[in-house]
Structure formats: C-alpha cells, structure tokens
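Understanding the architecture of this molecule
Single-letter residue listing:
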Amino acid sequence: QVQLVESGGGLVQAGGSLRLSCAASGLTFSNYPLGWFRQAPGKEREFVAAISWRGGSSYNADSVKGRFTISRDNAKSTVYLQMNSLKPEDTAVYYCAARGIFRGLSSKADEYDSWGQGTQVTVSS
C-alpha cells in the first residue's frame with residue numbers, strides 16, 4: 001500500500017521560506033513521477049510543481065515560478081518543495097502525490113493515483 005507523508009509546514013511571515021518534505025513508502029519510489037498541489041479554503045486544489053521519475057525534468061505553476069523548487073532524493077524516497085519569497089496567497093494545505101509508474105509529468109490532479117494527508121502552510125502579512 002502506497003503511503004505518502006508530508007511534513008515541514010508551519011507559520012511563516014511574508015518573504016520567508018519553508019521546505020516541505022514528503023516521505024514515500026510502499027512503492028519503488030524512483031519509478032514514479034511526483035507532484036505537489038495545494039488547496040486554500042473555499043478553493044479548488046491547484047497544481048504547484050511536478051518532477052519526473054528520474055528527477056531530470058520538472059516544471060512549476062506560473063504562480064510559483066522563480067520562488068518554489070521541487071526536487072527528489074530517490075535514495076531517501078523523499079520529494080521536497082523548497083518555497084522562498086512566500087506570499088500570503090501561498091497559504092494553503094499542501095499535498096504531495098504520486099502518478100503512475102513511469103508516466104510523464106502532469107499538472108492534473110485526477111491523473112495522480114496516491115496522495116498524502118497534507119501539511120498546512122500559513123503565510124502572514
């Protein structure tokens with residue numbers, strides 16, 4: 001059974017940084033593309049960033065380009081989201097997700113098969 005566990009969320013002032021982690025188990029981690037999504041109160045879940053199963057390719061949503069970086073450590077079965085220059089509008093619950101084995105990158109939530117429970121990020125102004 002695939003399990004994804006996010007950590008690293010918290011309260012930070014605008015302009016600050018946080019690093020989210022997502023530890024995976026129950027799958028051959030290096031074979032799966034991964035993504036980060038977020039959901040703010042009253043809003044739909046939105047794509048943040050995705051990384052290929054080998055880690056050689058990644059892309060971000062326009063709203064976080066230049067500020068957020070997705071990376072992965074296949075030896076530790078962990079994917080990261082480094083978030084810099086945080087803004088109040090980045091406040092949301094952040095989720096990591098795994099897509100199907102050897103699949104390509106995707107920004108569509110319904111194309112991901114496994115999800116973590118989420119970690120809250122709150123950015124104060």
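Structural data are supplied above this passage.
The following refers to the structure shown. (Residues numbered from 1 in each chain as written. Predicted model: local features only at pLDDT ≥ 70, side-chain atom pairs only at ≥ 80, totals over all residues. Heavy atoms only, no water.)

Details of the state of the cysteines
Per the stated rule, a full pass over the model turns up one disulfide. Disulfide partner of C22: C96, at an S-S distance of 1.9 Å. Looking along the S-S bond of the C22-C96 disulfide, the torsion reads about 40 degrees, which is the right-handed sense. One end of the pair, C22, is in strand β3 (residues 18-25); the other, C96, is in strand β9 (residues 92-99), and 74 residues separate them in sequence. We classify C96 as buried; its relative accessible area is 1%. (Disulfide = S-S within 2.5 Å. Helix = DSSP H or I, 4+ residues; strand = E, 2+ residues; numbered from the N terminus. Buried < 20%, exposed > 50% of the residue type's maximum accessible area, 1.4 Å probe, protein only.)

Remarks on the pairing of β9
Counted residue by residue, β9 has seven buried out of eight residues, so it is predominantly covered. Sheet topology places strand β4 (residues 34-39) next to β9; six bridges connect them, and they run antiparallel. Across the sheet, W36 pairs through a bridge with C96, a residue of β9. In the sheet, β9 pairs with strand β11 (residues 119-124) via three bridges, with the strands oriented antiparallel. Bridge pairing in β11 links Y94 to T119. (Pairing = 2+ DSSP bridges.)

Notes on the pattern of salt bridges
Should the charged atoms of two oppositely charged side chains come close, the side chains can pair. Across all of its chains, the model carries five salt bridges by this definition. The closest approach of N and O atoms between K65 and D62, which form a salt bridge, is 3.1 Å. Note that D90 and R67 form a salt bridge whose closest N and O atoms lie 2.7 Å from each other. Here D90, found in the loop between β8 (78-83) and β9, pairs with R67, found in the loop between β6 (58-60) and β7 (68-73); they are 23 residues apart in sequence, far enough to count as distant. As far as burial versus exposure is concerned, D90 and R67 are alike and both buried. Overlapping salt bridges, with partners in common, bring together R38, E46, R67 and D90 in one network. (Salt bridge = Lys/Arg side-chain N within 4 Å of Asp/Glu carboxyl O.)

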